[in-house]
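# Reading the structure
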Amino acid sequence: MSAPTLTRQVFDIRDLNLWYGDHHALKNINFPINKKEVTAIIGPSGCGKSTFIKTLNLMINMVPSVKMTGEINFNGQNILGEKMDLVELRKHVGMVFQKGNPFPQSIYDNVAYGPRVHGIKKKKHLDELVIKSLMDVALWEEVKDRLTAPALGLSGGQQQRLCIARALATKPDVLLMDEPTSALDPISTLKIEELILELKEKYTIVIVTHNMQQASRVSNKTAFFLMGELIELDSTSTIFSNPNDSRTEGYITGRFG
Amino acid sequence: MQICIYPIMTYFRGVWCIMEKIIPAKERLIKSSKNRMDGELRGKILVILCAVIMISATISITIFLGTKGLQSFIKNGVSLIEFLTSTHWNPTNQANPEYGALPFIFGSFAVTFLAALIAAPLGIGAAIFMTEIAPSWGRKILQPVVELLVGIPSVVYGFIGLTVLVPFVRAHVGGLGFSLLSGMIVLSVMILPTITSIATDAMGSLPKYLREGSYALGATRWQTIRKVLIPAALPGLLTAVVLGMARAFGEALAVQMVIGNVRNLPSSILDASATLTTIITLNMGHTTYGSVENNTLWSMGLILLVMSFAFILLIRYLSSRRKL
Ligand SMILES: Nc1ncnc2c1ncn2[C@@H]1O[C@H](COP(=O)(O)OP(=O)(O)OP(=O)(O)O)[C@@H](O)[C@H]1O
Ligand SMILES: [Mg+2]
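Just so we're clear, the structure is a prediction, and the values are computed from it rather than from any experiment.

## Things to note about the layout of surface pockets
- Of the pockets and cavities examined, the largest pocket occupies roughly 750 Å³.
- Around the largest pocket sit 27 residues that line it, and A:Asn61, A:Met62, A:Val63, B:Arg211 and B:Tyr215 are the ones nearest its centre.
- Within the residue set of the lining of the largest pocket, elements represented by two or more residues are helix H2 (86-92) of chain A together with helix H4 (102-133), helix H7 (180-204) and helix H8 (208-216) of chain B.
- Of the residues in the lining of the largest pocket, the class split is 14 nonpolar, 5 polar and 8 charged.

Here is the structure:
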């Protein structure tokens, strides 16, 4: 057995600044993200939560006008440095979007998509990955008889779990979730939350949420953003019981935001 | 007057009440809604009239072509089997006229499919280039090009084909130059803009989340295009190709200028040939109305109509599959 690595950090973000054209959307963010923890990001609309989470897998690069300075160290490598291999990065940092967005293909093909684009061709290997991923999101029992059926025939909650399974199938280290339950009913939301609690045994999770209860239920750490600044980052219990900053307190007690 | 429009008025008033969701204050309603109702009614009559004219035009063309086209079989006793399967077309032979239209039917289909074979990959490729590879400048350049191609009249295509393409084929490929090959090339250029613009719409209307979902899984752009976007847009892309083929099938003038117009079944792509449309345009003028030959031309027209119905049905079917 090797000793636990010295650094428990998966991500270490240093002095990150981001501009959309002239709009300064992230200001001097310093943000360590620990292994196998759930980090929740809260803050009022437009404060930069989605922008921040999209920098972690560089999906932000799809916006042409974006400029960034600072460092985003992922397992010790600065992904803002020269010529990051996006394919490799995104294989390790998966993402789940606000709205379940399965491809208009079969359930099986959706989950197998990631492994296939990363070069896995053997049917047996793919089968294993698909089954395991679907089990991980507790969807296997519900869909095992109709793996070849179109994914868009699933319910909203099932679609979202399918998308999580799809992200897990590439065996990522980190799972980014941008308001994964905001389009779901309470029961489906609960299922996803239970899922997050199980997944954190194996994965590092960063979740953006507008739902304070959700943040307090699922996360170890909570970060509060306000107008592009990281106001406070601490253990979830501290943030919700005894925040340092009066603005954090104001937000979580519902005085603004 | 008041009395006869009364039922209509009350009907509209009823609808109006529901729309406004207020208890009708009778006076005000009658007064204020009267003008609006008149405009409403006039507009409604106008658009209904347009629809009726369109529908009746379509129906009467169908009926007319149907009766005219069937006359050669019913009245003149031309055998339908002969018409569809014989390769001998000799209507002017007094002693032994022959009415086999197969070479022209074959020519129409051959030239259509061959043109689609060239134009479909090019058009879809251009659409992908415009929507996925270079959405900003690619579109800026290609869009006007496509629009220009649409605007060029078919006689110009035919003329260019005749003066440039036919000699080129004769000199460098072989044969007379007037050939299926020339016809298919001219047609493929003509249907390219149709396919490109509809395929561009199909690709462009794909939701953004499909791309995001694929890129977030580490797929490259090419993988995203090939494995997610093209399959998702497939019904739309097929619709584009079918519409292009419908246009190719019906095109007469440009094809006529380059295809050679012979009555024989072509045995190679370099052989001259003819299509239903070219035979109709070439012979409609000099045959006497009501003669057997003239009637068989109408029969060919009927085949064109039936084919265009078939194309429409195919497009319907494809677009019904689009909403999964
Ligand atoms: N593609 C873009 N181009 C320009 N500005 C953008 C873009 N995306 C976001 N912004 C701006 O950046 C700021 C942060 O946006 P972001 O989407 O990160 O907010 P958010 O915290 O996720 O909000 P919400 O809770 O509503 O999702 C906003 O002011 C927004 O207008
Ligand atoms: Mg957001």
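## Some words on empty space enclosed by the protein
- Enumeration according to the criterion identifies 1 cavity of 30 Å³ or more in this entry.
- Looking at the largest cavity, its volume works out to about 40 Å³.
- Only strand E6 (93-96) and helix H6 (156-168) of chain A together with H8 of chain B provide two or more residues apiece to the lining of the largest cavity.
- In terms of residue count, H6(A) provides more of the lining of the largest cavity than any other element does, 3 residues in total.
- Of the residues that constitute the lining of the largest cavity, the class distribution is 7 nonpolar, 2 polar and 1 charged.

## Remarks on the environment of B:Gly177
Residue and element names in this part refer to chain B.
- The residue Gly177 is located in the loop between helix H6 (154-172) and H7 in this model.
- For the pair formed by Gly177 and Ala202, sequence separation is 25 residues and the distance between their alpha carbons is 37 Å.
- The residues touching Gly177, leaving out its near neighbours within four places in the chain, are Val166, Val169, Arg170, Ser182 and Val258.

## Quick notes on the domain arrangement of chain B
All names here are of chain B.
- Each domain of chain B was delimited in the assignment, giving domain 1 (2-74) and domain 2 (98-323).
- The interface is formed by 10 residues belonging to domain 1 together with 9 residues belonging to domain 2.
- With both chains or domains summed, domain 1 and domain 2 bury close to 870 Å², and 73% of this area falls on carbon and sulfur atoms.
- The largest contributions to the domain 1 side of the interface with domain 2 come from Leu65, Lys68 and Ser72, which together make up 55% of the buried area.
- The tally of links from domain 1 across to domain 2 stands at 0 salt bridges.

## Focus on the UniProt feature "domain: ABC transporter" (unreviewed entry) in chain A
- Feature annotation in UniProt assigns "domain: ABC transporter" (unreviewed entry) to the following positions: residues 11-252 of chain A.
- The span residues 11-252 of chain A is 38% helical and 27% strand by assignment, and the distance between its end C-alpha atoms comes to 26 Å.

## Some remarks on the nonpolar core
- Ranked by size, the top nonpolar core spans 67 residues in total, and within it B:Phe104, B:Leu276 and B:Met300 carry the most contacts.
- Secondary structure elements with two or more residues in this core: helix H3 (107-117) of chain A together with H4, H6, H7, helix H9 (221-250), helix H10 (253-259), helix H11 (276-283) and helix H12 (292-322) of chain B.
- Grouped together as the second largest cluster of nonpolar side chains are 42 residues, A:Ile42, A:Ala165, A:Ile196 and A:Met212 included.

## Details of the interface of chain B and chain A
- Each partner contributes to the interface: chain B provides 17 residues, whereas chain A provides 23 residues.
- Both faces considered, chain B and chain A share a buried interface measuring about 1700 Å² in area, 69% of it formed by carbon and sulfur atoms.
- Counting across the interface, chain B meets chain A through 0 salt bridges.
- If you look at where chain B meets chain A, you find 5 residue pairs in polar contact (both at pLDDT 80 or more).
- Residue assignment for the side of chain B that touches chain A shows that the elements contributing at least two residues are H8 and H9 of chain B.
- In terms of residue count, H8(B) provides more of the side of chain B that touches chain A than any other element does, 7 residues in total.
- Residues belonging to the side of chain B that touches chain A are distributed by class as follows: 9 nonpolar, 6 polar and 2 charged.

## Overview of the packing of helix H5 (residues 137-151) of chain B against H7(B)
Residue and element names in this part refer to chain B.
- Running from amino to carboxyl end, H5 crosses H7 at an angle of 135°, the nearest separation of the two axes being 9 Å. For the element pair H5 / H7, the angle class is oblique. As H5 runs across H7, the sense of the crossing is left-handed. Touching Arg139, Val146, Leu149 and Val150 of H5 are Val189, Pro193, Thr196, Ser197 and Thr200, all from H7.
- Partitioned by chemical class, the residues of the contact of H5 with H7 number 5 nonpolar, 3 polar and 1 charged.

## Topic: the site of ligand 1
Residue and element names in this part refer to chain A.
- Taken together, 13 residues are adjacent to ligand 1, and Ser45, Lys49, Ser50, Thr51 and His210 come closest.
- Taking Tyr20, its side chain carries an N or O atom lying 3.4 Å from a nitrogen atom of ligand 1.
- Listed by contribution, the elements that provide at least two residues to the shell around ligand 1 are strand E2 (23-34) and helix H1 (49-56).
- When its residues are assigned to classes, the shell around ligand 1 shows 4 nonpolar, 7 polar and 2 charged.

Conventions used here
- Along each chain, numbering runs from 1 in the same order as the chain's sequence is written.
- All chains are assigned letters beginning with A, and all ligands numbers beginning with 1, in the order in which they are written.
- For this predicted model, a pLDDT threshold of at least 70 governs which residues receive local features, and a threshold of 80 or more governs which side-chain atom pairs are given and counted, while totals over whole chains, interfaces and linings are taken from all residues.
- Calculated side-chain values reflect all of the structure's heavy atoms, with hydrogen atoms and water omitted.
- Only protein atoms enter the 1 Å grid used here. Points where a 1.4 Å probe fits but cannot escape make up a cavity, open sets with protein on both sides within 12 Å along at least five of seven lines make up a pocket, and a residue lines them when an atom lies within 4 Å of a point.
- Grid points are joined across faces, edges and corners, and a volume is the space filled by probe spheres set on the points.
- Where helices and strands are cited, they refer to DSSP runs of H or I of at least four residues and of E of at least two residues respectively, numbered from the N terminus.
- Amino acids are sorted into nonpolar (Ala, Val, Leu, Ile, Met, Phe, Trp, Tyr, Cys and Pro), charged (Asp, Glu, Lys and Arg) and polar (every other residue, Gly among them).
- Contacts are residue-level and defined by heavy atoms, with any inter-residue pair within 4.5 Å sufficient.
- What marks off one domain from the next here is an automatic or database domain assignment.
- Summed over both partners, the accessible surface that disappears when two parts come together, traced with a 1.4 Å probe, is what is meant by buried area.
- For this analysis, a salt bridge means a side-chain nitrogen from Lys or Arg found within 4 Å of a carboxyl oxygen belonging to Asp or Glu.
- UniProt positions are given in the numbering used here, feature names are shortened, and annotations may be inferred rather than shown by experiment.
- For our purposes a nonpolar core is just a set of buried Ala, Val, Leu, Ile, Met, Phe, Trp, Tyr and Cys residues, chained together by side-chain atoms within 4.5 Å.
- Throughout this description, buried means an accessible area under 20% of the type-specific maximum (1.4 Å probe, protein chains only), exposed means over 50%, and partly exposed covers the range between.
- Within 3.5 Å is the distance limit for a polar contact, defined as a pair of N or O atoms, with the added protein rule that one can donate a hydrogen and the other accept it, and that residues adjacent in sequence qualify only through two side-chain atoms.
- All axes are obtained by fitting lines to C-alpha atoms, using only the stretch in contact for helices, and the reported angles, taken between N-to-C directions, cover 0 to 180 degrees.
- Small angles under 35 degrees read as roughly parallel and large ones over 145 as roughly antiparallel, with 65 to 115 read as roughly perpendicular and the rest as oblique.
- Handedness of a crossing follows from how the near helix is turned relative to the far one, being left-handed for an anticlockwise turn of less than a right angle and right-handed for a clockwise one.
- Neighbouring residues are identified by heavy atoms, a residue being near a molecule or strand if any of them is within 4 Å of it.

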